[in-house]
Amino acid sequence: MSGILYIVPTPVGNLEDMTFRAVKVLREADFILAEDTRTSGVLMKHYDIHVPMRAHHRNNEHRTVEGIVEEIEGGARVALVSDAGTPGISDPGFMLARACREAGIEVVCLPGPTAFVPALVASGLPCDRFVFEGFLPVPKRERRERLDFLQKETRTMIFYEAPHKLRGTLDDLAVTFGTDRSVSLCRELTKLHEEIKKTTLGEAVAFYRENDPRGEYVLVLAGADPARLAVETAPTLEEAVAAARTLQAGGMPPSAAAKQAAAGTPFSKGQIYKELIK
């Protein structure tokens with residue numbers, strides 16, 4: 001009879017954020033897959049959990065997934081944890097969950113801690129629509145392409161960053177989105193020195209130029225203003241007239257060409273038509 005894979009979120013800082021169900025699942029597992037057995041060992045000791053642990057991380061998951069799937073198919077009850085938060089969210093977990101699903105194995109993900117949710121809700125920025133970006137790519141070209149892609153994003157954006165890379169990331173964000181863009185810098189969430197600082201990208205760059213970043217960060221960045229974005233991306237009158245001329249050259253009457261070219265622009269059909277017949 002096939003076993004089961006449990007994906008178990010663990011506290012992002014405060015050990016008291018562990019759920020009763022998570023503790024029960026870990027205690028009843030045949031073995032626990034941990035991103036770092038030493039880190040998870042602290043949590044297991046705190047909750048008096050004595051279950052064998054194995055290392056399962058980015059450097060070995062490509063080699064271990066197949067064997068783990070076979071063990072679960074043989075009836076093993078396996079719990080997957082990461083160092084902090086929910087496995088699969090900027091942490092290992094996706095490959096194993098996918099392989100289990102493809103093998104017809106039941107995958108159960110428990111609800112629980114993940115750093116970006118409290119950061120988003122406490123940021124004061126809109127949280128009805130948002131996009132989670134996690135860690136930006138490290139190679140400069142890939143990072144530039146990703147940020148360029150996000151320039152017109154109107155939803156709140158969420159990024160993760162390590163302290164030693166924060167200054168560079170803030171610089172890149174300020175160049176891409178402007179120094180006046182609102183951002184909340186959330187660090188050490190749920191821990192003793194938790195801090196949520198709402199500011200602008202320009203002020204954040206200046207602050208961390210004089211102060212050393214400390215702790216893991218969640219950056220919650222305001223999306224682009226749709227009204228401002230519409231003005232910035234709207235075609236000029238000359239471009240609208242050029243579009244009308246192209247339509248006219250294709251056989252469309254001037255009036256109809258002006259009407260179609262005016263759609264989605266701040267210009268009226270009459271304005272475009274007047275220029276078109278000059």
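Relevant structure appears above.
Note that the structure is predicted; figures quoted are calculated from it, not measured.

Engineer: Just to check I follow, could you spell out the pattern of salt bridges for this structure?
Structural biologist: Pairs can form between side chains of opposite charge once their charged atoms are near each other. Under the definition given, this model contains 12 salt bridges. With its nearest N and O atoms 3.0 Å apart, the salt bridge here joins glutamate 28 to lysine 24. With glutamate 28 and lysine 24 both in helix H1 (residues 20-28), this residue pair falls four residues apart, about one helical turn. On the basis of relative accessibility, which here comes to 39%, the residue glutamate 28 falls in the partly exposed class. Of the charged contacts in the structure, one is a salt bridge between aspartate 212 and arginine 167, with a shortest N-O distance of 3.0 Å.

Engineer: When you look at the packing of aromatic side chains in this model, what are you seeing that I'm missing?
Structural biologist: Given two aromatic rings, their pairing is described by the distance between the two centres and the angle made by the two planes. Per the counting criterion, the structure on display carries six aromatic pairs. Arranged with centres 6.0 Å apart and planes meeting at 55°, the rings of phenylalanine 116 and phenylalanine 130 form a pair that is tilted. Here the residue phenylalanine 116 occupies a position in helix H5 (residues 116-122), and phenylalanine 130 occupies one in strand S6 (residues 130-134), the gap between them amounting to 14 residues. A relative accessible area of 12% means that phenylalanine 116 is categorised as buried. With relative accessibility at 33%, the residue phenylalanine 130 sits in the partly exposed group. With centroids separated by 4.9 Å and ring planes inclined at 85°, the aromatic side chains of phenylalanine 207 and tyrosine 208 adopt a geometry described as edge-to-face. Taking the relative accessible area as the measure of exposure, phenylalanine 207 reaches 32% and is therefore partly exposed. We classify tyrosine 208 as buried; its relative accessible area is 3%. Members of the aromatic cluster, each reached through a chain of ring pairs, are Phe116, Phe130, Phe132, Phe135 and Tyr160. Looking at arginine 54, its charged tip hangs above the ring of phenylalanine 31, at a distance of 3.7 Å from the centre.

Engineer: Before we go on, may I ask you to explain the side chain of glutamate 188 in this structure?
Structural biologist: Relative to the helices and strands, glutamate 188 is located in the loop between strand S8 (182-187) and strand S9 (195-200). Not counting residues up to four positions away in its chain, the partners in contact with glutamate 188 are His193, Glu194, Arg214, Gly215 and Glu216.

Engineer: Sorry, what's going on with the sheet that holds strand S2 (residues 31-34) here?
Structural biologist: Sheets are built from strands paired through backbone hydrogen bonds, the pairs being either parallel or antiparallel. Strands sit in the order S3-S2-S4-S1-S5 across an open sheet of five strands; the sheet is parallel. Looking at strand neighbours, the two that pair on one side only are strand S3 (53-55) and strand S5 (106-109), the edges of this open sheet. Here the average twist between neighbouring strands, direction ignored, is 25°. Bridge count between S2 and strand S4 (residues 77-81): four bridges; the pairing is parallel.

Conventions adopted
- Residues numbered from 1 in each chain as written.
- Predicted model: local features only at pLDDT ≥ 70, side-chain atom pairs only at ≥ 80, totals over all residues.
- Heavy atoms only, no water.
- Salt bridge = Lys/Arg side-chain N within 4 Å of Asp/Glu carboxyl O.
- Helix = DSSP H or I, 4+ residues; strand = E, 2+ residues; numbered from the N terminus.
- Buried < 20%, exposed > 50% of the residue type's maximum accessible area, 1.4 Å probe, protein only.
- Phe/Tyr/Trp six-rings, centres within 6.5 Å; stacked < 30°, edge-to-face > 60°.
- Lys NZ or Arg CZ within 6 Å of the ring centre and 35° of its normal.
- Contact = heavy atoms within 4.5 Å.
- Pairing = 2+ DSSP bridges.
- Axes fitted to C-alpha atoms, helices over the stretch in contact; angles between N-to-C directions.

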